[in-house]
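# Chains, contacts and geometry: an overview
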Amino acid sequence: MSDAAVAMNRFGLGATRGQEPPGNPKRWLLDQIDAYQPATPVLATAPTSAAVAEDIAAYQAEQRAIRQAAMARQGVPAPAAVVTPPPASTITPMTSNMAATVMAPPSPAQEKRSAQQVARQDARRLAQDDYTNLVGLRTASALTTPTPFAERLVHFWSNHFATSADKLELIGLAGTLENEAIRPHVMGRFADMLFAVERHPAMLIYLDQAVSIGPDSPLGLRAKGRRRSGLNENLAREIMELHTLGVRTGYTQADVTEFARAMTGWTVGGIGGGPAARFVADRPVGNFAFVPQVHQPGTRTIMGKAYGQDGEAQASAVLTDLSVHPATAGHIATKLARHFAGDNPPPAMVARLEKAFLSSRCDLPTVYRALIASPEAWVAAPAKFKTPWEWSVSSYRALGATEVPAKAMQGLLDQLGQPMWKPGQPIGYDDTAASWAAPDAVLRRVEAAQRFASKAPPSIDARALAPQLFPAALTPMTAQALSRAESPTQALALLLVSPEMMRR
């Protein structure tokens, strides 16, 4: 690969049809750091966490009303069914069980379940509409962005701080985390992004922080022994293991527990649930909230350091230290090197990025400049096998698409095995070829490429398009395959699944 091809495909999201290759590839990338705009016209209509939370709050209120109505009906005999008997000659003999089935009205429990199911279906439909809308807007942003390197970094960090849009409350919220906590800070300090993510309703609900109670807090002392009340360590563990320090970097289970105690009280206004919910019922719905009544009192000792701050400030102090910890620098450096230089991160590059992170106090543009300056990221051989999302975006960009129906993109990603914001686990989607290059996965891309090619404008000539997409990087084997194709449609399909398009 030439430097221009590396810049557009490995650092960027793939060349677009008609795009001129950058004359100075490194300068082209560096300029994007300053030119990046988190708020764009494309994303102006995106659903917000506040709007999604209002829908969730309405659903939760409806469910409470249904439960209360059912409780009010308990113990009150259901009115007897009044039946006017037909003439004896028309009566069909039936068993007593059949008669009971026909004549008995639904029980209060049945009515409750039916009402709850209808409410849940309505809420899921609203959430799914928000999810699909966000999928479409993220796709449009990726296809039209003037700063594709910066956009790739948004996707990288969104996967680093992964949630999963599986349960009802997360379907609409997951995508808002990317727009509200990642995009505004992708060209800022890692610490600021970390704080924005951990205080976002999607993360607090996904990892059950909103229901965590300090055992010795005022509410915890009253709730001891009750089912489903107590300390929840999910968010504290994932912050240390996935978001900052990384696995096996010197902290212990005791440190995780102490951090979880420090984080008690962090919840979400209006929709957080759990015993703390009544204390934030009047707070703005979907906003971060702190509830002192569930905060574990006392000094916490984490990784040998004592934190004696009161209330919300205690966990904030821990987060601040974690954001600039040497282990965090190593963890972030390793993941960036893996993303841009290969599945086995070059140690020298990792050390260079780690140094940039620490010396700048986690200033991300400083780290990105060190990334661009790393020769390991500019090797000519393709370094990475594209994920389904990367391949789909680069294929659409190659065809000159600026807009794709949201449901079409959603269906495509589902088919290819990487549904958006649904990794199913806090670690996010894997970033190595082993997870995406299986024969059946490649076959699904071939089938998708054939559909793309059959719907592409007839004016697209794959033989002319290929060297534009991969300047000074098209292999003779691919060029020969394109020249021997039986039709323009077949040639375009072959280009979309060529080694140059499948790798970056």
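The coordinates are above.
Residue positions within a chain follow its written sequence, with the count starting from 1. Reporting of local features is limited, given that this is a predicted model, to residues whose pLDDT is at least 70; pairs of side-chain atoms are given and counted only at 80 or more, and all residues count toward the totals for whole chains, interfaces and linings. Side-chain numbers here rest on the full set of heavy atoms in the structure, without hydrogens or water.

### As for the overall build of the protein
Let me state the cut-off plainly: The way it works is that DSSP assigns letters per residue, a run of H or I at least four long becomes a helix, a run of E at least two long becomes a strand, and they are numbered from the N terminus. Only protein chains enter the accessibility calculation, which uses a 1.4 Å probe; a residue is then buried when its area is under 20% of its type maximum, exposed when over 50%, and partly exposed in between. Contacts are residue-level and defined by heavy atoms, with any inter-residue pair within 4.5 Å sufficient. We get accessible surface area from the Shrake-Rupley algorithm with a probe of 1.4 Å; when it comes to residues, only the shown protein chains can shield them. Two residue types count as positive, namely Lys and Arg, and two as negative, namely Asp and Glu; His and chain ends fall outside the count. Lys charges are placed at NZ, Arg charges at CZ, Asp charges at CG and Glu charges at CD.
In terms of regular secondary structure, the protein is built from 24 helices and four strands. The buried share of the protein, reckoned over its 504 residues, is 51%. Pairs at least 24 apart in sequence give 75% of the contacts found in the protein among residues at least 6 apart. Surface exposure of the protein reaches about 22300 Å², of which carbon and sulfur atoms provide 56%. Distance between charge centres in the protein, computed from 49 positive and 43 negative side chains, equals 3 Å.

### Remarks on the nonpolar core
Spelled out, the test is: We call a set of buried residues a nonpolar core when its members are Ala, Val, Leu, Ile, Met, Phe, Trp, Tyr or Cys and they connect through side-chain atoms within 4.5 Å of each other.
Counting 82 residues, the largest nonpolar core has F11, F149, W157 and F259 as the members making the most contacts within it. Here this core gets eight residues from one element, more than from any other, and that element is helix α15 (residues 326-341). Not counting chain neighbours up to four residues away, the residues in contact with W157 comprise I182, V186, F190, M193, I332, L364 and Y368. A119, L143, L482 and L496 belong to the second largest nonpolar core, which has 58 residues in total.

### Considerations on the side chain of S316
The topology assignment puts S316 in helix α14 (residues 312-323). If we skip the residues at most four places from it in the chain, S316 touches F195 and W266.

### A look at the packing of aromatic side chains
The test is simple: Centre distance within 6.5 Å is the pairing criterion for rings of Phe, Tyr and Trp, where only the six-membered ring of Trp is used; planes under 30 degrees apart are then read as stacked, over 60 as edge-to-face, and the remainder as tilted.
By the definition in use, this model includes 15 aromatic pairs. Between F11 and F149, the aromatic rings sit 5.7 Å apart at their centres with planes inclined by 70°, giving edge-to-face as the arrangement. Of the two residues, F11 sits in helix α1 (residues 3-11) while F149 sits in helix α6 (residues 148-160), which places them 138 residues apart along the sequence. Accessibility classification places F11 together with F149 in one group, the buried group.

### Things to note about the pattern of salt bridges
Counted only if it meets this: Take a side-chain nitrogen of Lys or Arg and a carboxyl oxygen of Asp or Glu: if they are within 4 Å of each other, that pair is a salt bridge.
Throughout the structure, instances matching the rule amount to 19 salt bridges. Across the pair D122 and R125 runs a salt bridge, and its minimum N-O distance is 2.4 Å. Here D122 and its partner R125 are both found in helix α5 (residues 108-144), three residues apart, which amounts to about one turn of the helix. Judged by its relative accessible area of 34%, D122 falls in the partly exposed class. R125 gets classed as partly exposed once you look at its relative accessible area, which sits at 49%. Several salt bridges converge on common partners, so that one network encompasses R138, E151, E178 and R183.

### Some words on helix α19 (residues 406-416)
Formally: Taking the helix axis as origin, the arc is that swept by the directions to the C-beta atoms.
What α19 keeps buried is the set M409, Q410, L412, L413 and L416. The buried residues of α19 all sit within an arc of 165° when viewed along its axis, so they share a single face. In this fold, the buried residues of α19 make contact with α5, α18 (388-398) and α20 (439-455). A positive backbone phi angle near 95° is found at G417, which sits one or two residues after α19.

### What about the packing of helix α13 (residues 253-263) against α14?
How we decide: Interaxial angles span 0 to 180 degrees and are taken between N-to-C directions of axes, which are lines fitted to C-alpha atoms, for helices over the stretch in contact. Throughout, the term roughly parallel applies to angles under 35 degrees, roughly antiparallel to angles over 145, roughly perpendicular to angles from 65 to 115, and oblique to all others. If you view the pair so one helix is near and one far, a crossing is left-handed when the near helix is turned anticlockwise from the far one by less than a right angle, and right-handed when it is turned clockwise. Amino acid classes used here: Ala, Val, Leu, Ile, Met, Phe, Trp, Tyr, Cys and Pro are nonpolar; Asp, Glu, Lys and Arg are charged; the rest, including Gly, are polar.
At their nearest, the axes of α13 and α14 sit 7 Å apart, and the two run at 130° to each other. What the angle tells us is that α13 and α14 run oblique. In the crossing of α13 with α14, the sense of the turn from one axis to the other is left-handed. Here α13 contributes F259, A262 and M263 to the contact with α14, which in turn contributes Q314, A315, V318, L319 and L322. In terms of residue class, the contact of α13 with α14 is built from seven nonpolar, one polar and no charged.

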